[in-house]
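# Structure assessment
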Amino acid sequence: MTHRLIVMGKQGAGKGTQCLRLTERYNIPHISTGDMLRSAVAAGTELGQRAKSVMDAGDLVPDDLMMSIVDERLRESDASEGFVLDGFPRTSAQAEWLDGALAPGGIDLAISIDVPDEIVVARMLARGREDDTEDAIRRRLDLYSEQTAPLLDHFAAAERLISIDGFGDEDTVEARLAEAIDTRLENPGGNP
Ligand code: AMP
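Remember, it's a predicted structure, so these values are computed and weren't measured experimentally.

Our next topic: the site of the ligand. Close contacts around the ligand come from 13 residues, with Thr33, Arg38, Asp59, Gly87 and Arg90 the closest. Measuring from an oxygen atom of the ligand, one finds a side-chain N or O atom of Arg38 at 3.0 Å. For the ligand, whose free accessible area comes to 470 Å², the fraction covered by protein is 82%. A molecule is said to occupy a pocket when more than half its atoms come within 2 Å of that pocket's grid points, and by this definition the ligand occupies the largest pocket. Here the element with the most residues in the shell around the ligand is helix 2 (residues 33–43); it accounts for four residues.

Here you go:
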């Protein structure tokens with residue numbers, strides 16, 4: 001059984017922690033496009049040079065560049081049985097491209113970790129980083145809803161979306177995720 005997973009969630013939803021737990025549980029690589037871009041910037045590659053100003057401005061790196069990075073990564077042998085994709089797709093064009101790149105099967109599941117805005121804001125403020133002012137946090141949350149809602153619809157239409165309640169401690173949320181994933185992948189035709 002393959003585990004080709006996409007994990008989506010607002011900043012502060014616990015996405016990073018849960019991605020790591022999934023990589024251990026299913027022995028699959030964590031493919032984070034944000035991490036890949038940050039390493040390219042740190043290494044000063046041509047890609048890094050192109051991406052840096054875009055990332056600094058908080059904008060999205062062009063789709064064609066992102067697709068070629070992800071295409072290359074998905075071809076590596078460790079991704080043949082599955083992966084946890086984190087930060088990709090971020091646009092409808094990327095989502096459509098991914099369907100084609102993984103055809104005929106496509107991804108197995110997209111998982112949305114849902115946490116109410118008020119809880120995310122409280123968590124982020126408690127973390128106390130300088131760029132975590134309430135205004136900045138709310139702006140990122142608005143952007144997430146704007147950019148992500150259509151992607152969730154895309155996966156829901158393909159009956160590949162599960163939504164998980166992200167409220168609770170890390171072990172509790174992990175148990176919810178694992179149960180939902182295992183149930184769905186073992187009964188592909190079944191209802192969520
Ligand atoms: P992240 O760590 O996922 O928040 O990504 C950090 C930054 O990298 C984003 O703010 C974007 O500038 C860029 N980035 C990461 N993934 C993508 C993507 N799929 N499409 C476009 N830009 C991306």
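This part takes up the layout of surface pockets. Space inside the largest pocket adds up to approximately 1,300 Å³. Contributing to the lining of the largest pocket are 40 residues, with Lys15, Arg38, Gly87, Arg90 and Arg140 lying nearest its centre. Contributions of two or more residues to the lining of the largest pocket are made by strand 1 (3–9), helix 1 (15–26), strand 2 (30–32), helix 2 and helix 7 (134–157). The element best represented in the lining of the largest pocket is helix 7, accounting for eight residues. Taken together, the residues of the lining of the largest pocket break down into 16 nonpolar, 14 polar and ten charged.

Right, let's get into the sheet that holds strand 1. Taken in spatial order, the five strands line up as 2-3-1-4-5 in an open sheet, and their pairing is parallel. Looking at the sheet topology across the chains shown, the edges are occupied by strand 2 and strand 5 (161–165). In this sheet, adjacent strand axes meet at a mean angle of 25 degrees when their direction is disregarded. Examined bridge by bridge, strand 4 (residues 109–114) and strand 5 share five bridges and lie parallel to one another.

A word on the pattern of salt bridges. Evaluation of the coordinates by the stated rule reveals 14 salt bridges. We note a salt bridge from Arg138 to Glu134, for which the minimum N-O separation is 3.1 Å. On the criterion of helical spacing, the pair formed by Arg138 and Glu134 is a turn pair, its members being four residues apart in helix 7. Glu134 gets classed as partly exposed once you look at its relative accessible area, which sits at 36%. One network of salt bridges, with partners in common, ties together Arg21, Arg25, Glu170, Asp171 and Glu174.

This brings us to unusual backbone geometry. For the peptide bond that leads from Phe88 to Pro89, omega is 0 degrees, which places it in the cis range. By the element assignment, Pro89 lies in the loop between strand 3 (82–86) and helix 5 (92–101). We note that Asn27 has phi near 55 degrees; this positive angle belongs to a residue other than glycine. One can find Asn27 in the loop between helix 1 and strand 2. Looking at Asn27, the relative accessible area reads 70%, which means it is exposed. A positive phi angle, close to 55 degrees, is found at Glu159, a residue other than glycine. Following the sequence through the fold, Glu159 ends up in the loop between helix 7 and strand 5.

Residue pairs three or four apart in sequence face the same way in an α-helix, which turns once every 3.6 residues. Within helix 3 (residues 46–56) the residues assigned to the buried category are Gly48, Ala51 and Val54. Seen end-on, helix 3 carries its buried residues on one side only, within an arc spanning 135 degrees. Exposed and oriented more than 90 degrees from the buried face of helix 3 are Glu46, Gln49 and Asp56. Looking at the buried side of helix 3, the elements it contacts are helix 2. Count one or two residues on from helix 3 and you reach Gly58, which has phi positive near 80 degrees.

Reading the values: the criteria
- Along each chain, residues carry numbers from 1 onward, in the same order as the chain's sequence is written.
- The model is predicted, so local features are restricted to residues of pLDDT at least 70 and side-chain atom pairs to those at 80 or more, both for listing and for counting; the totals for chains, interfaces and linings are taken over all residues.
- Water and hydrogen atoms play no part in the side-chain values, which are based on all heavy atoms of the structure.
- Near, as used in this document, describes a residue that has one of its heavy atoms within 4 Å of the molecule or strand being considered.
- Definition of a polar contact: a pair of N or O atoms within 3.5 Å, with one able to donate and the other able to accept a hydrogen when the atoms are protein atoms, and with sequence-neighbouring residues admitted only if both atoms are side-chain atoms.
- The Shrake-Rupley method, run with a 1.4 Å probe, gives the accessible areas here. Residue values count only the displayed protein chains as cover.
- Cavity means a closed set of points on a 1 Å grid over the protein atoms alone, one where a 1.4 Å probe fits but cannot get out, pocket means an open set with protein on both sides within 12 Å along at least 5 of 7 lines, and lining means a residue has an atom within 4 Å of a point.
- Think of it this way: a molecule belongs to a cavity or pocket when more than half its atoms come within 2 Å of the grid points there.
- The secondary structure listing takes helices from DSSP runs of H or I that are at least 4 residues long and strands from runs of E that are at least 2 residues long, numbered from the N terminus.
- Grid points are joined across faces, edges and corners, and a volume is the space filled by probe spheres set on the points.
- Think of it as three bins: nonpolar holds Ala, Val, Leu, Ile, Met, Phe, Trp, Tyr, Cys and Pro, charged holds Asp, Glu, Lys and Arg, and polar takes everything else, Gly as well.
- Pairing between strands is defined by DSSP: at least two bridges between the two strands are required.
- Each axis is a line fitted through C-alpha atoms, taken for helices only over the stretch in contact, and angles between the N-to-C directions span 0 to 180 degrees.
- Take a side-chain nitrogen of Lys or Arg and a carboxyl oxygen of Asp or Glu: if they are within 4 Å of each other, that pair is a salt bridge.
- Three labels apply to residues, based on accessible area from a 1.4 Å probe with only protein chains included: buried if under 20% of the type maximum, exposed if over 50%, partly exposed otherwise in between.
- Each direction from the helix axis to a C-beta atom contributes to the arc, which is the arc of those directions.
- Contacts are assigned to residue pairs with any non-hydrogen atoms lying within 4.5 Å of each other.

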